Structures are given as C-alpha cells and as structure tokens.
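Listed below, chain by chain, are the residues.
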Amino acid sequence: MSDQGRVPPIKVALLGCGTVGGEVVRLLTEQADELAARVGAPIELAGIAVRRPDKHPELPQELLTADAAELIDSDIDVVVELIGGIEPVRSWLLSALQKGKSVVTANKALLAEYSGELAEAADASGADLYFEAAVAGAIPLLRPLRESMAGDRITRVMGIVNGTTNYILSAMDSTGAGYAETLDEASRLGYAEADPTADVDGYDAASKAAILASLAFHTRVTAADVYREGIGGVSASDIVAARVLGRTVKLLSICERVIDENGAESVSARVHPVMIPRSHQLAGVNGAFNAVYVEADAAGELMFYGQGAGGAPTASAVLGDLVAVARNRVVGGRGPRESAHAALPVSPMGRTLTRYHVSLDVADRAGVLAQVAQAFAAHDVSIAAVRQRDRHSTASLVIVTHLAPDAALRATVEEIGRLDVVREVVSVMRVEGED
Ligand code: NDP
Ligand code: HSE
C-alpha cells in the first residue's frame, strides 16, 4: 500500500453551494486524484449545507443538509464557507475555529468586520483561517501580501477590486452613456446583481480595502475605518471632463501608509471614484476585471491582474486555500498567523492628501479667475494647472490642484460653489496616478 493510501482523508464541510460553491464541488470531484497527490491525502467532501436542499438535484443527495451547525459539529477537519453575510455565518465559523477546525472563506463582508475575532479564535485553537478568494477573486493577492512580502515594507496598495463598478465605468467611458442607463444595461446583461447596492455604493470595495490594508500594514482595519463613496454620482459630464484631459474614471480602493510631519505613522484606507491618466496601468483594466498595484520599499512596484469574480475563477482561489490548509493538516502544522502587531491608527479622510480636478462654468468677465483662485488660496490649496475655454457669455474653467488635505479641498469647492461668478460646478473628482 502507498503512503498516500495510509493517510486518512481530510474531511471537508462545504457551507453554501451557489455560484462559487457549485464550482468548488465540480473542481473537487474532477480533480480528486490530482488534489490527493498534491496534498498527500484525499480530500473528502463530507457534507454540503444549503438553504434549500430540494433545489439541488445536481448534488449528491446523501451529502446535502440544511443544518450547517450540525455539519460543522460532525467529524470534519475543514469548513469551506461560501454562503456570505454576517450572521449566522460568523457564529458558525467561530464555533468551528474554537473546535480546532480550519476555515476557508470568500466572505469579505464578514472578514472586513470580524477578521480580528476569527483570527484570535484560530490562534487559540491552532486552526487555519484562509481567505484568498475574499479579495479579487482568482488573483493571488492576499497570500503574496501575507507571505511573499512579509519581509518588505508595503507603502501603498491601490486597485480596482470591484468588477461590477469597473464594468459600468468602462461602459460609460466607451459609450458616453449616463450612469443610470449603463447600470440598467449591466443588470440586463447579468453583470450587476438584482440588488447592486453593495457594489455601486462602494461597500464591497470598502470591505476589500479593509482586508488589504489589514494585511499590508499589519494593523486591524475594519470596513468602518474605510472612507467610502460609490459611483452613483459619476455623470457623463465627469467622463467627458476626464477624457478631455487624457484621463478616465475608475473606482479605486486606495490603502496607504501615511507619515506625518513629526514622523508618526498611520494608515489611510479609502474607496472613491478617481480620474487617472489613460496611460496609467489601471486605466487599461476594463470590464469586470480586477487589478491591484502594490508599492513596497524594497520590491518597488508590483501589479496583480485577473478575473475578480465568477464561479470558476473564485473557486480557483478557494481550492488553492483548501489545498494549503489540507497540506498543513497532513504535516500537523498551520499556516502563517494573523499579523496585526503594528496596530497603526487610522488617519481620517479629511487629513488624507489628495488632488482634485474641478470643472466650472463661470461668467466670462474680468476678475473671475482671480476670485476663483482666491478661494483656493484661502484654504491653502495650491493650483497645479488651469485651463479656460470661452463660450458665449460664460467660460469653462478646469482647475487641477496639487496635493492638499482632503478637508481643505472640499471646503474650497464649497466656497467656489457659493461664488456669484460661478454658474455651475460641472464636475469635481479626485485625481490619482500623477504624483
Ligand atoms: P450564492 O448566492 O450563489 O450562493 C449562496 C449559497 O449559500 C447557496 O447555495 C445558498 O443555498 C446557501 N445558503 C444561504 N443561506 C444559507 C443557510 N442559512 N444555510 C446554509 N446554506 C445557505 O453566493 P456566491 O456563490 O456568489 O457567493 C458566496 C460567497 O463568495 C460570498 O461570501 C461572496 O461574497 C463570495 N464571493 C463571490 C464571488 C462571486 O463571483 N460570486 C466572488 C468573490 C467572492 P441555496 O442554494 O439553497 O439557496
Ligand atoms: N460583486 C463583486 C464584484 C463580486 O462585482 O466584483 C466579487 O467580489
């Protein structure tokens, strides 16, 4: 008998068998022999918990249950959680970890709130907690941050981590259509979910930013720490204003290590639409794809790109975690622990240094430019570029600033909006990728 034949199987409980879980079952079944060879023990699917077992004739009926808690309590080694949401999943996973059962999950909403609590439970029992699929689907990103770059000092993680909003913004850019019309089309084609709120309002990207910032800066960052703006306010005029200046609009998650004038370190995490130069690597990421740009002291700049969602791509990341966890079980060890030792404070958005692009319709007469420039000066915001185009009785004025605290830039725009000479504030958006 081979060594492999003597090693007991790694027993897996799968919670949730929808878009991602269904693909996990397919890959586990189709690749059973190869996975066993890679792990050094067979991976045995011991049970599948779903909400409505009668709706799953495609699954082995003897494995199905509606009682996830009972399945977790049974004789299993690993829980793969692909249900989503906070409760009851949080309680189930805590209970599994407390009993020493390892957990693989793609649940970004849960991790963005409770990763600290889950990691502590895993540490206490010596179980593994892996979640590569929670950010950027198939793209190997969290393990590189957590393991490959553990010897470096990451300064920035910036990227497109929500495919739905990237699809909508790419379509607005290529067709010139407005936001509402493009969202309707994305829903019709199945790119946006029936309830797209979590995506278009930036909650999904903010959860992912919290996970990225936590790993990159060895600090617990939750979704509530992440400044968030969605894409609902991006208009066709914003897209045109960006295009005129050789830019495009993207929803970016930006996590930065901040060092103030006294050398004190903090972390900033934000999600909002930005204009970036069309020549920037992230500008070429279109449709439902994801891409993340990482900067580190020694490594320099790295770019991670690929499919950020979908059943099979996400299942690839889940299976990668499952193989890692199973290997750890076979050798009797565990993977790297959570590293939150830096415990840096989170810097508020108002203090984060950003650059603004402001497009105005103003009266075309003497002294107007001076009044607008005075508003910037009053808030200590330095102007980097001004461009004016005459119309009949009005002029179009486009101003791009240097870096300034976000609160100062906001106050400037509010003041400009109150000036009599300003007919309309046409577009206001932050600018990235030009510093
Ligand atoms: P689906 O909605 O397709 O599937 C959810 C599954 O959970 C269904 O099988 C459902 O059962 C089951 N379920 C729901 N409630 C319960 C319950 N109380 N007890 C047992 N089972 C339950 O979700 P996805 O596959 O799309 O997503 C799963 C996870 O992966 C989420 O955390 C999501 O954020 C994450 N993710 C998803 C990606 C994607 O592209 N879809 C990409 C990256 C991450 P039933 O089938 O009977 O309704
Ligand atoms: N709703 C998410 C997206 C799925 O559009 O990117 C992947 O997390």
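- In the nomenclature of an unreviewed UniProt entry, the protein chain corresponds to Homoserine dehydrogenase from the organism Amycolatopsis marina.
- UniProt annotates the protein chain under Function (unreviewed entry) with the comment "Catalyzes the conversion of L-aspartate-beta-semialdehyde (L-Asa) to L-homoserine (L-Hse), the third step in the biosynthesis of threonine and methionine from aspartate."
- UniProt, in its Cofactor (unreviewed entry) section for the protein chain, records the words "a metal cation".

**Observations regarding the site of ligand 2**
Here's step 1: Surrounding ligand 2, one finds Lys-108, Asn-162, Gly-163, Thr-164, Asp-199, Asp-204, Lys-208, Gly-308 and Ala-309.
Here's step 2: Separating an oxygen atom of ligand 2 from a backbone N or O atom of Gly-163 is a distance of 2.7 Å.
Here's step 3: At 2.6 Å, a side-chain N or O of Thr-164 approaches an oxygen atom of ligand 2.
Here's step 4: Burial of ligand 2 by the surrounding chains reaches 84%, relative to a free accessible area of 260 Å².
Here's step 5: Broken down by secondary-structure element, the contributors of at least two residues to the shell around ligand 2 are α8 (163-175) and α11 (203-217).

**A few points about the nonpolar core**
Here's step 1: In terms of nonpolar packing, the biggest core is built from 75 residues, with Leu-141, Ile-154, Ile-168 and Leu-212 touching the most fellow members.
Here's step 2: Taken domain by domain, this core gets at least three of its residues from each of domain 1 (3-137 + 312-331) and domain 2 (150-308).
Here's step 3: Counting 35 residues, the second largest nonpolar core, distinct from the first, contains Leu-82, Val-318, Leu-319 and Ala-324.

**Some points on the UniProt feature "domain: ACT" (unreviewed entry) in the protein chain**
Here's step 1: Annotation from UniProt places "domain: ACT" (unreviewed entry) at residues 357-430.
Here's step 2: End C-alpha to end C-alpha, residues 357-430 measures 6 Å, and it is 32% helix and 46% strand.

**Topic: a nonpolar patch on the surface**
Here's step 1: A contiguous nonpolar surface patch, about 270 Å² in accessible area, is contributed by Phe-289, Met-303 and Tyr-305.
Here's step 2: With respect to the helices, strands and loops of the structure, Met-303 is situated in strand β12 (residues 300-307).
Here's step 3: The class for Met-303 is partly exposed, based on a relative accessible area of 32%.

**Some points on the UniProt feature "active site" (unreviewed entry) in the protein chain**
Here's step 1: What UniProt calls "active site" (unreviewed entry) maps, in this numbering, to Lys-208.
Here's step 2: Summarising the element assignment, Lys-208 is placed in helix α11.
Here's step 3: In this structure Lys-208 comes out as buried when scored by relative accessible area, which is 6%.
Here's step 4: Not counting residues within four places of it along the chain, the set of residues in contact with Lys-208 comprises Lys-108, Ala-134, Val-135, Val-161 and Asn-162.
Here's step 5: A polar side-chain atom of Lys-208 sits 2.6 Å from a polar atom in the side chain of Asp-204.

**Regarding the domain arrangement of the protein chain**
Here's step 1: Examined at the domain level, the protein chain breaks down into domain 1 (3-137 + 312-331), domain 2 (150-308) and domain 3 (349-431).
Here's step 2: Opposite the 13 residues of domain 1 that make contact, domain 2 presents 15 residues.
Here's step 3: Buried area between domain 1 and domain 2, both sides added, is near 1100 Å², and the carbon and sulfur share of it is 66%.
Here's step 4: Our enumeration of links across domain 1 and domain 2 arrives at two salt bridges.
Here's step 5: Two residues, Glu-120 and Arg-220, come together in a salt bridge whose shortest N-O distance is 3.1 Å.
Here's step 6: Broken down by element, the side of domain 1 that touches domain 2 gets its largest block of residues, seven residues, from helix α6 (residues 108-125).
Here's step 7: Across the side of domain 1 that touches domain 2, the residue classes tally to eight nonpolar, two polar and three charged.

**Digging into the sheet that holds strand β3 (residues 64-65)**
Here's step 1: Pairing in this open sheet of six strands is parallel, and the strands run β3-β2-β1-β4-β5-β6 from one edge to the other. Bordering the open sheet on either side are β3 and β6 (129-130), each of which pairs with just one other strand.
Here's step 2: Pairing of strand β2 (residues 43-49) with β3, which is carried by two bridges, proceeds in the parallel orientation. Bridge assignment links Ala-49 to a residue of β3, and that residue is Thr-65.

Calculation criteria
- Residues numbered from 1 in each chain as written.
- Chains lettered and ligands numbered in written order.
- Predicted model: local features only at pLDDT ≥ 70, side-chain atom pairs only at ≥ 80, totals over all residues.
- Heavy atoms only, no water.
- UniProt positions renumbered as here; feature names shortened; annotations may be inferred.
- Near = heavy atom within 4 Å.
- Polar contact = N/O pair within 3.5 Å; in protein donor to acceptor, adjacent residues only side chain to side chain.
- Areas by Shrake-Rupley, 256 points an atom, 1.4 Å probe, with all protein chains shown as cover.
- Helix = DSSP H or I, 4+ residues; strand = E, 2+ residues; numbered from the N terminus.
- Core = buried A, V, L, I, M, F, W, Y, C linked by side-chain atoms within 4.5 Å.
- Buried < 20%, exposed > 50% of the residue type's maximum accessible area, 1.4 Å probe, protein only.
- Domains from an automatic or database assignment.
- Patch = residues over 30% accessible without salt bridge, like charges linked within 9 Å, V, L, I, M, F, W, Y side chains within 5 Å.
- Salt bridge = Lys/Arg side-chain N within 4 Å of Asp/Glu carboxyl O.
- Contact = heavy atoms within 4.5 Å.
- Buried area = accessible area lost by both parts, 1.4 Å probe.
- Nonpolar A, V, L, I, M, F, W, Y, C, P; charged D, E, K, R; others polar.
- Pairing = 2+ DSSP bridges.

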